Structures are given as structure tokens and as C-alpha cells.
Amino acid sequence: MKFISWNIDSLNAALTSDSARAVMSRLVLDTIVKEDADIIAIQETKLPHGGPSKKHKEKLAEYFPDYDYVWLSSQEGARKSYAGTMTLYKKGLKPEVDFPVIGAPSTMDLEGRIITLEFENYYFTHVYTPNAGGELARLAERQEWDKLYADYLSSLDKNKPVIACGDYNVAHEEIDLAHPENNHMSAGFTDEEREGFTNLLAKGFADTFRHIHGNVEGKYTWWAQRVKTSKINNSGWRIDYFLVSDRIKDLITDSDMINSGERQDHTPIVLEINI
């Protein structure tokens, strides 16, 4: 089976705007469509509380006529049209869908961050992990999230194997970003966030990209939009992941990035596994 994950940084804009960035986003959607994945996980949809509008639904039907989908938007109590996730899956698949609440601090459980699909032989779950924020204002809450999320994945793993993906907002090791020496106090590369990801893997999960590619360097999933040359210079970070339960990691046949062309920010990632 083939799975794709992408932080789109506004599905809303990609489907409804005519800005230059929205056009680039749609080119990436065209690329994803050609991949013909079984399941596609999208983070940071930025859809309204009520979910996709009529126009959104029409555009989704044009791009993904062979898919059903479920979505979770930011709810009352959290910021409007903030965060949000969507999972598209091939028609004919019949998952049980869950929108788990993990007891996270502040408004994190209200921000539309996790969708889980249960199938006969495995769980597929994807996440948009909270960012520690400017000046690390949300770091303590992020640390609590990491513990609760790791416990959640572990609880799934006790029942059946897990395929987990998404924007984890952390570069785990120094080889996962171009300039580690300058970023030890930056959100996404603090010791605390890296330790949280280490603890997650220690609960019985494999980083599929590293499992397939070893310690290859210079492969990233995110380049800062605010730095015009970040992608040209490949000054990136690897913060988007596919994780699987250790007991199924040897079923992986591919785990890599999908080329998003000139578009900066996140690029899609893909996993192929004989599950």
C-alpha cells in the first residue's frame, strides 16, 4: 500500500485562492494525484469550524474523485481556521474513524490535530504536532503533548500495528537539518523536543526514512518561506515523518520525499509498505 502525508499550509487557500503560492500548492496537488496513493494525510488545512465549504467539496471532488475523506477542524475554544487535518482514502476502504482526545494542555485538543483510521490489520493515524512557538512560549505545553501523544500511539500498538505520519515539528538528529549549530534554541530543535521524539521511538516505533536510507544527509521536508534562498541552498529541516511499529518495519519498500518543485515550506512524503 502507498501512503502520502503533506502539511499543505492551508488547504483552504490551495483550493480557493489565485495567489502565486496557491497556484504552486495546486501543482503539488497535481503531483500527489499522480502518485495514486491509497491514503493521503493532509495537515494544517485551515478550514473553518464547519469543515469544507461547498466550493471546497467541489474542488476536492475534482482532484480526488476516487476518494472518500474525513476532516477535523479547530473547534470553539481554539483559534478559528487554525491547524486542522484531513485524511483521504480510496473508495472501497472501510475504516473505523476516530478523532482522539489525548488530554493535551491548553487548547491543543481543540485544534483538529489527530485523525485515526482503524483497519482490520493496522491503524493509520496522522498528526499535526503543536509548534513550540516564538521564543519557545509553548515549549512546556509541547513537552506534555509529546508524552501524551507517545502514550496514545503506544496504546494503539498494543492492539495492532501502527502507521503514523505527519508534521512532527521536530528535527530529531543533527543530520535532520542543514545548520544544527545555529538552532539548538530554535523551536523544532530544542533538546526537549528532540528528547520527546526519542522517547516516542523508544516505545516501539521506527523512523521509516532512516530505516530505509540510513544516515544519508541533505534530505529535508521543510524550507523556510521567509528566507527566499532556503530551498535553492537546500537549507532545510526534516520534520515530517512516517513512523511504523517496529514489528512491521521490514515490510517497508520505500520511504522518501516527493518533489514539490519551487514551492517552499513543506514537501509531501511517501511510504510504501506491504501491509
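Here the structure is shown first, and the text comes after it.
Only a predicted model underlies this, so the values are computations on that prediction, with no experimental measurement involved.

Visitor: Got a minute to help me understand the overall build of the protein in this structure?
Guide: Each helix and strand counted, the protein has 6 helices and 14 strands in total. Its C-alpha atoms give the protein a radius of gyration of 17 Å, near enough to 19 Å, the size a compact globule of 275 residues would have. Seen through its principal axes, the protein has C-alpha atoms that stretch 45 × 45 × 40 Å. Counting the 275 residues in the protein, one finds 55% classified as buried. Contacts in the protein between residues far apart in sequence, at least 24 positions, make up 72% of those at least 6 positions apart. Entry remark: accessible area of the protein is about 12,100 Å², with carbon and sulfur atoms responsible for 47%. Charged side chains of the protein number 31 positive and 43 negative; the gap between the two group centres comes to 5 Å.

Visitor: I tried to follow unusual backbone geometry on my own but got confused; where do I start?
Guide: Peptide bonds are, in most cases, trans, and in most cases residues other than glycine have a negative phi. The phi angle at S81 is positive, at roughly 50°, despite the residue not being glycine. Among the secondary structure elements, S81 is positioned in the loop between β3 (67–72) and β4 (85–90). Looking at S81, the relative accessible area reads 34%, which means it is partly exposed. One non-glycine residue, N169, adopts positive backbone phi at about 50°. Within the secondary structure, N169 sits in the loop between β8 (162–167) and α5 (191–202).

Visitor: Hey, could you run me through the pattern of salt bridges in this one?
Guide: A side chain of one charge can pair with a side chain of the opposite charge when the charged atoms of the two come close. Within the structure shown, the criterion is met by 21 salt bridges. The partner of K46 in a salt bridge is D9, with the nearest N and O atoms 3.0 Å apart. Pair noted here: K46 is in the loop between β2 (39–43) and α3 (54–63) and D9 is in the loop between β1 (2–7) and α1 (11–16), with a separation of 37 residues, a long-range link. When the shortest N-O distance is used, the salt bridge between R238 and D207 registers 2.6 Å. With R238 in the loop between β10 (222–223) and β11 (240–245) and D207 in strand β9 (residues 205–207), this pair connects stretches of sequence that are 31 residues apart.

Visitor: Help me understand α5 in this model?
Guide: Since the α-helix turns once every 3.6 residues, residues separated by three or four places project in the same direction. Taking 1.5 Å of rise per residue, the 12 residues of α5 would be expected to cover 16 Å, and the 16 Å separating its terminal C-alpha atoms lies within 8% of that figure. Where α5 is concerned, the buried positions are E193, R194, G196, F197, L200 and L201. Down the axis of α5, the sector holding all buried residues measures 155°, keeping them to one side. Facing away from the buried side of α5 by over 90 degrees, the exposed positions are D191 and A202. Buried-residue contacts for α5 involve α4 (139–157), β9 and β11.

Visitor: I tried to follow the packing of aromatic side chains on my own but got confused; where do I start?
Guide: By convention here, two paired aromatic rings are described through the distance between centres and the angle between planes. For the structure shown, the criterion picks out 12 aromatic pairs. For the ring pair F3 and F124, a centre distance of 5.2 Å and an interplane angle of 10° mean the geometry is stacked. Residue F3 is found in strand β1, and its partner F124 is found in strand β7 (residues 123–128); the two are separated by 121 residues along the sequence. For F124, a relative accessible area of 0% translates into the label buried.

Parameters and conventions
Residues numbered from 1 in each chain as written. Predicted model: local features only at pLDDT ≥ 70, side-chain atom pairs only at ≥ 80, totals over all residues. Heavy atoms only, no water. Helix = DSSP H or I, 4+ residues; strand = E, 2+ residues; numbered from the N terminus. Rg over C-alpha atoms; globule rule 2.2 N^0.38 Å. Buried < 20%, exposed > 50% of the residue type's maximum accessible area, 1.4 Å probe, protein only. Contact = heavy atoms within 4.5 Å. Areas by Shrake-Rupley, 256 points an atom, 1.4 Å probe, with all protein chains shown as cover. Lys, Arg positive; Asp, Glu negative; His and termini not counted. Charge placed at Lys NZ, Arg CZ, Asp CG, Glu CD. Salt bridge = Lys/Arg side-chain N within 4 Å of Asp/Glu carboxyl O. Expected span 1.5 Å × (residues − 1). Arc of directions from axis to C-beta. Phe/Tyr/Trp six-rings, centres within 6.5 Å; stacked < 30°, edge-to-face > 60°.

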